[in-house]
Amino acid sequence: DAKTTQPNSMESNEEEPVHLPCNHSTISGTDYIHWYRQLPSQGPEYVIHGLTSNVNNRMASLAIAEDRKSSTLILHRATLRDAAVYYCILRVSSGNTPLVFGKGTRLSVIA
Amino acid sequence: DAGVTQSPTHLIKTRGQQVTLRCSPKSGHDTVSWYQQALGQGPQFIFQYYEEEERQRGNFPDRFSGHQFPNYSSELNVNALLLGDSALYLCASSLLDVGNQPQHFGDGTRLSIL
């Protein structure tokens, strides 16, 4: 499985935007970029995914570099409820393949 | 619409014992995957069940086994428990033939081995 690299931790002030980076230099053409997050005492929660173009949904935006070797998850206005571990995962396009989690980035939000 | 539910939420066992964890998938989902999450680590894939058969398996010993029932619910069994089996066990459900769709996770069972 292709590997992703994320910072261990990041900190943000409440109501400010947060940019969570992910490097995936060995990504293949059929790999989608998925983001999940895990709030304290909960299971992981899907956030967003994309292939080549930037993606937006109600939770976040995903910006994908032109060469696809890196991506950034953008939370437009961090709230205390966004404090979680964020995982960047590569997943092949076909079938229902298992998720391969790394250690993720622990995001702290300061009031 | 109920999401993924897991039971029990917490469990304490001793070394050598056996344990069974249960999972009910999100309504409409036919595939169940199990993950083990050690403290401070990301979840690790154990296996996936579809149509009552194990479809894929991660790097876990045969002590870990599972079952899927006709109503798509699933069980994870672990025999001869070791201290290292202490972890959060997560169940995720999805639809098999829909490519790249999200997996929906339950909140897990916290297993402690004494």
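It should be noted that the structure appears before, not after, this text.
This structure is a prediction, so every number in the text was calculated from the model and none was measured.

Cut-offs used in this document
- Residues numbered from 1 in each chain as written.
- Chains lettered and ligands numbered in written order.
- Predicted model: local features only at pLDDT ≥ 70, side-chain atom pairs only at ≥ 80, totals over all residues.
- Heavy atoms only, no water.
- Helix = DSSP H or I, 4+ residues; strand = E, 2+ residues; numbered from the N terminus.
- Rg over C-alpha atoms; globule rule 2.2 N^0.38 Å.
- 1 Å grid on protein atoms, 1.4 Å probe; cavity = no way out; pocket = protein on both sides within 12 Å on 5 of 7 lines; lining within 4 Å.
- Points joined across faces, edges and corners; volume = space filled by probe spheres on them.
- Nonpolar A, V, L, I, M, F, W, Y, C, P; charged D, E, K, R; others polar.
- Core = buried A, V, L, I, M, F, W, Y, C linked by side-chain atoms within 4.5 Å.
- Buried < 20%, exposed > 50% of the residue type's maximum accessible area, 1.4 Å probe, protein only.
- Pairing = 2+ DSSP bridges.
- Axes fitted to C-alpha atoms, helices over the stretch in contact; angles between N-to-C directions.
- Contact = heavy atoms within 4.5 Å.
- Buried area = accessible area lost by both parts, 1.4 Å probe.

Student: Sorry, what's going on with the overall build of chain B here?
Tutor: Looking only at helices and strands, one finds 0 helices and 11 strands in chain B. Secondary structure elements in chain B, listed N-terminal to C-terminal, are β-β-β-β-β-β-β-β-β-β-β. Taking 13 Å as the expected radius of gyration for a compact globule of 114 residues, we find that chain B reaches 13 Å, a close match to that expectation. Summarising its shape, the C-alpha atoms of chain B cover approximately 40 × 25 × 25 Å along the three principal directions.

Student: What exactly am I supposed to notice about the overall build of chain A here?
Tutor: Regarding its fold elements, chain A presents 0 helices and 9 strands. Reading chain A from its N terminus to its C terminus gives the helix and strand order β-β-β-β-β-β-β-β-β. Here the C-alpha atoms of chain A give a radius of gyration of 13 Å, agreeing with the 13 Å that 2.2 N^0.38 yields for 111 residues. In terms of overall dimensions, chain A has C-alpha extents of about 40 × 30 × 25 Å along its principal axes.

Student: Where do I start with the layout of surface pockets in this structure?
Tutor: Rolled over the atoms, a probe with the dimensions of a water molecule shows which regions are left empty. Counted as a void, the largest pocket has a volume near 580 Å³. Along the wall of the largest pocket there are 24 residues; nearest its centre are Gln38 and Ser41 of chain A together with Gln37, Leu88 and Arg110 of chain B. Listing elements by their share of the lining of the largest pocket, those giving two or more residues are β8 (84–92) and β9 (105–110) of chain A. Looking at the lining of the largest pocket element by element, the count peaks at 3 residues for β8 of chain A. Looking at the lining of the largest pocket residue by residue, the class counts come to 8 nonpolar, 12 polar and 4 charged.

Student: Would you take a moment to explain the nonpolar core for this structure?
Tutor: The nonpolar side chains of a soluble globular protein tend to be buried, and buried together. Counting residues in hydrophobic clusters, the biggest one holds 21 residues, and the most contacted among them are Leu20, Ile33, Trp35, Leu73, Leu75, Tyr86 and Leu107 of chain A. When residues of this core are traced back to their parent elements, those giving at least two are β2 (18–23), β3 (31–38), β4 (45–50), β6 (61–64), β7 (70–75), β8 and β9 of chain A. Element by element, the count of residues in this core is highest for β8 of chain A, at 4 residues. Counting 19 residues, the second largest nonpolar core, distinct from the first, contains Val19, Cys23, Leu81 and Cys91 of chain B.

Student: Would you take a moment to explain the sheet that holds β4 of chain A for this structure?
Tutor: Through backbone hydrogen bonds, the strands of a sheet pair up, either in parallel or in antiparallel fashion. All names here are of chain A. Spatially, the 5 strands line up as an open sheet ordered β1-β9-β8-β3-β4, and their pairing is mixed. One side of each edge strand has no neighbouring strand; the edge strands of this open sheet are β1 (9–13) and β4. The mean inter-strand angle of the sheet, taken between neighbouring strand axes irrespective of direction, is 25 degrees. In terms of strand pairing, β8 meets β9 through 3 bridges, oriented antiparallel. Each residue of the ladder has a partner; that of Ala84, found in β9, is Leu107.

Student: Would you take a moment to explain the environment of Ala60 of chain A for this structure?
Tutor: Residue and element names in this part refer to chain A. Turning to its location among the elements, Ala60 is positioned in the loop between β5 (55–56) and β6. Looking at Ala60, the relative accessible area reads 0%, which means it is buried. The sequence separation of Ala60 and Arg81 amounts to 21 residues, and the corresponding C-alpha distance is 14 Å. Residue contacts for Ala60: discarding those within four places in its chain leaves Val47, Ile48, Val55, Leu73, Ile74 and Leu75.

Student: Mind showing me how you'd approach the interface of chain A and chain B here?
Tutor: Contacts between chain A and chain B engage 22 residues on the former and 26 residues on the latter. Taken together, the two surfaces of chain A and chain B that pack against each other cover about 1,700 Å², and 46% of this comes from carbon and sulfur. On the chain A side of the interface with chain B, the three residues burying the most area are Asn96, Pro98 and Phe101 of chain A, jointly 34% of the side's total. Those elements that place two or more of their residues in the side of chain A that touches chain B are β3, β4 and β8 of chain A. It is β3 of chain A that provides the largest number of residues to the side of chain A that touches chain B, a total of 4 residues. Taken together, the residues of the side of chain A that touches chain B sort by class into 9 nonpolar, 11 polar and 2 charged.

Remember that the coordinates give geometry; whether it matters functionally is a separate question.
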